[in-house]
Structure formats: C-alpha cells, structure tokens
Amino acid sequence: MANTTQSAKRARQNEKRFAINKARRSRIRTYIRKVEEAIASGDKEAATNALKTAQPELMRGVTKGVFHKNTASRKMSRLSARVKALG
C-alpha cells in the first residue's frame, strides 16, 4: 500500500499505463499473427497487405514506448523476408 499521496498517485498512474500498454502490445501481436497466418497459408498478396497494415502499428508501439526500436525493426525485417520468400 502506498504511504504518501505522491506514491498513491504514482501507483494509480502505473496501473493506467500498464493497462494501456498491455492493450497496445496485444493489438500489435494480433497484427503480427495475421501476417504469420497469411504466410502459413501461402497467400503472398494477403501476407503483403497484412504486413503493410502491421508495420505502422509496430512502429507506433515504438514511439509509445511499448517496444524497443531495434526489436520492432528486427520483427519487421524477419516478417518481410518471409513474405518476400513466398513464391
């Protein structure tokens, strides 16, 4: 339990940010999963479209502090390489 009003407020803020970040992380994972499902089905056009919609969401996660920049870049690079490899 928080002992001071400042620490109580900080605890409230942390809970709120945790919920927002959790929702954002989940949303990004959903977009990534859609790309991976399109890759698994072998549909290059669907995978390309899913990748184009996932990219801005992933980068938004970087600007909001949910993901590190290099992590997002690595994920995008690997996904785009897999989409490109589809025949």
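On a predicted model such as this, the values are computed, not experimentally measured, just so you know.

Peer 1: Any details on the overall build of the protein? Residues and values, ideally.
Peer 2: Along the protein, the regular secondary structure elements total 3 helices and 0 strands. Since a compact globule built from 87 residues should have a radius of gyration of about 12 Å, the 17 Å found for the protein marks it as more spread out than a globular shape. When the backbone C-alpha atoms are referred to their principal axes, the protein occupies close to 60 × 20 × 15 Å. Taken over 87 residues, the protein has a buried fraction of 24%. Charged side chains in the protein number 22 positive and 6 negative. The centres of these two groups are separated by 11 Å.

Peer 1: Go over helix α2 (residues 44-63) with me, naming the residues and quoting the values.
Peer 2: Over its 20 residues, α2 runs 29 Å from end to end, which matches the ideal 28 Å to within 8%, given 1.5 Å per residue. Within α2 the residues assigned to the buried category are Ala 47, Ala 50, Leu 51, Ala 54, Glu 57, Leu 58, Gly 61 and Val 62. The N-capping residue of α2, defined by a side-chain oxygen 3.4 Å from the backbone nitrogen of Glu 45, is Asp 43. Downstream of α2 by one or two residues, Gly 65 has phi in the positive range, about 85°.

Peer 1: Residue-level account of the packing of aromatic side chains, with values.
Peer 2: Pairs of aromatic rings are described using the distance from one ring centre to the other and the angle between the two planes. This model, assessed by the stated rule, comprises 0 aromatic pairs. The residue whose ring lies beneath Lys 34 is Tyr 31, and the NZ or CZ to ring-centre distance is 5.6 Å.

Peer 1: Let's hear about the pattern of salt bridges: which residues, and what values?
Peer 2: Under the defined criterion, the tally for this structure stands at 3 salt bridges. Residue Glu 57 is joined to Arg 27 by a salt bridge in which the shortest nitrogen-to-oxygen separation is 2.7 Å. In this pair, Glu 57 is assigned in helix α2 and Arg 27 in helix α1 (residues 5-41), connecting sequence segments 30 residues apart. Overall, the relative accessible area of 43% leaves Arg 27 in the partly exposed class. With a closest N to O distance of 3.8 Å, Glu 36 and Arg 82 form a salt bridge. Of this pair, Glu 36 sits in helix α1 while Arg 82 sits in helix α3 (residues 69-85), placing them 46 residues apart in sequence. Residue Glu 36 is classed as partly exposed on the basis of its relative accessible area, which comes to 34%. You can call Arg 82 partly exposed: its relative accessible area is 38%. Sharing partners across several salt bridges, the network here consists of Arg 27, Glu 57 and Arg 60.

Rules used in this analysis
- Residues numbered from 1 in each chain as written.
- Predicted model: local features only at pLDDT ≥ 70, side-chain atom pairs only at ≥ 80, totals over all residues.
- Heavy atoms only, no water.
- Helix = DSSP H or I, 4+ residues; strand = E, 2+ residues; numbered from the N terminus.
- Rg over C-alpha atoms; globule rule 2.2 N^0.38 Å.
- Buried < 20%, exposed > 50% of the residue type's maximum accessible area, 1.4 Å probe, protein only.
- Lys, Arg positive; Asp, Glu negative; His and termini not counted.
- Charge placed at Lys NZ, Arg CZ, Asp CG, Glu CD.
- Expected span 1.5 Å × (residues − 1).
- Polar contact = N/O pair within 3.5 Å; in protein donor to acceptor, adjacent residues only side chain to side chain.
- Phe/Tyr/Trp six-rings, centres within 6.5 Å; stacked < 30°, edge-to-face > 60°.
- Lys NZ or Arg CZ within 6 Å of the ring centre and 35° of its normal.
- Salt bridge = Lys/Arg side-chain N within 4 Å of Asp/Glu carboxyl O.

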